[in-house]
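# Residue-level structure breakdown
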Amino acid sequence: MTTTLVSEQVGSATWKDVVAAYVGLTKPRVIELLLLTTVPVMFFAARGVPGLWLVVATVVGGTLSAGSASVFNCVYDRDIDEQMRRTRRRALPRHIVSPGAALVFGAVLGVVSTIVLWVWVNPLSAVLSVTANAFYVFVYTMLLKRRTTQNIVWGGIAGCFPTLIGWTAVTDRVAWAPIVLFAVVFFWTPPHTWALALRYREDYAGVDVPMLPVVRPARVVARQIVAYSWVMVATSLLLLPVAGTGVFYTAAAVVLGAVFLVEAHKLSARARDTEDLSLIRPMRLFHSSNLYLSLLFVAVALDPLISR
């Protein structure tokens, strides 16, 4: 019966549905966020405007690599994706793409991305990209996600690699500046993800994924968000002594950090005596976190141009 249902649903899908399904498997919104932390670092590493072809090759390779990791994640998590409101419209839960076809698609994306980065960028960037892909799939998706509340703390390391890839694409070496930015993304990930997990905690609870908001009260989660937010902002300011950033980046980091901290503390105040999500409004912090990271890395890109 299940096979019949899958066949009927695949057969009723138009070619546009299938194309959209394959694109959806790569999680384009996640890719956008990863590229946002790759390209600005290339500008920073070049202390100006990097070569157009190098940017294109890095973006194409990075996009394919991130897409590959997301596809493998979708295949492994298809059982829980089918039960969660936030993910049940993905391609595999809707049976538009089969798991086998998705695996082949993910593997092809991974191989092509490695070739692109190795040949047209450099081997170091290619190795870092493969490492990020493997970490996301094997460490986060398969090992941590369903076993520990620290899943996105350590699993989030995979999302920090674009800072290193952007830097090494230009310089062919690792330095302290991209490591600082790596740490900024590392400490940014828990507040960002826990805010979203608060909003969808019933979904995670229903599939036994032990996200922190599932197993701890909202006030405890909010306190953790505040703690990570303070460390994140402090880390962002380390770029001044480490890389000699100018007034523009420093001012942006201070202002953006202050705004983010205000939002984090407001969330904590709202969560102090209630579990009502309509009162806690965690998505305010989630959207603020996206804006914070976007504008901070724009400042990273513009600083060497403005502070010359």
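Note that the coordinates shown come from a computational prediction; the quantities given were computed from them, not determined experimentally. (Residues numbered from 1 in each chain as written. Predicted model: local features only at pLDDT ≥ 70, side-chain atom pairs only at ≥ 80, totals over all residues. Heavy atoms only, no water.)

### Here's the deal with the nonpolar core
Ranked by size, the top nonpolar core spans 67 residues in total, and within it Phe 161, Trp 194, Leu 239 and Tyr 292 carry the most contacts. Listing elements by their share of this core, those giving two or more residues are α4 (39–46), α8 (123–144), α9 (151–155), α10 (161–171), α11 (176–199), α14 (218–236), α16 (247–270) and α18 (282–306). Here the element with the most residues in this core is α11; it accounts for 13 residues. Counting residues in each nonpolar core, the second largest holds eleven residues, with Leu 25, Cys 74, Val 97 and Ala 102 among its members. (Core = buried A, V, L, I, M, F, W, Y, C linked by side-chain atoms within 4.5 Å. Buried < 20%, exposed > 50% of the residue type's maximum accessible area, 1.4 Å probe, protein only. Helix = DSSP H or I, 4+ residues; strand = E, 2+ residues; numbered from the N terminus.)

### Concerning the side chain of Asp 303
Along the chain, Asp 303 turns up in helix α18. No salt bridge forms around the buried Asp 303; measuring N to O, its nearest opposite-charge neighbour Arg 47 is 4.8 Å away. A distance of 2.9 Å separates the side chain of Asp 303 from the backbone nitrogen of Gly 246, its partner in a polar contact. Asp 303 has contacts with Thr 245, Gly 246, Val 247, Phe 248 and Tyr 249, leaving out every residue within four places of it along the chain. (Lys, Arg positive; Asp, Glu negative; His and termini not counted. Salt bridge = Lys/Arg side-chain N within 4 Å of Asp/Glu carboxyl O. Polar contact = N/O pair within 3.5 Å; in protein donor to acceptor, adjacent residues only side chain to side chain. Contact = heavy atoms within 4.5 Å.)

### A closer look at the pattern of salt bridges
Proximity of charged atoms lets side chains of opposite charge pair with each other. Under the definition given, this model contains seven salt bridges. Between Asp 77 and Arg 146 there is a salt bridge, with its nearest N and O atoms 2.9 Å apart. One end of the pair, Asp 77, is in the loop between α5 (52–76) and α6 (78–81); the other, Arg 146, is in the loop between α8 and α9, with 69 residues separating them in the sequence. Of the residues examined, Arg 146 reaches a relative accessible area of 29% and is grouped as partly exposed. Where Asp 203 meets Arg 85, a salt bridge forms, and the shortest distance between an N and an O atom there is 3.3 Å. One end of the pair, Asp 203, is in helix α12 (residues 201–206); the other, Arg 85, is in the loop between α6 and α7 (99–120), and 118 residues separate them in sequence. A residue is classified by how much of its surface remains accessible, and Asp 203, at 9% relative accessible area, is buried. Shared partners join several salt bridges into a network, and the residues in it are Asp 77, Asp 79, Lys 145 and Arg 146.

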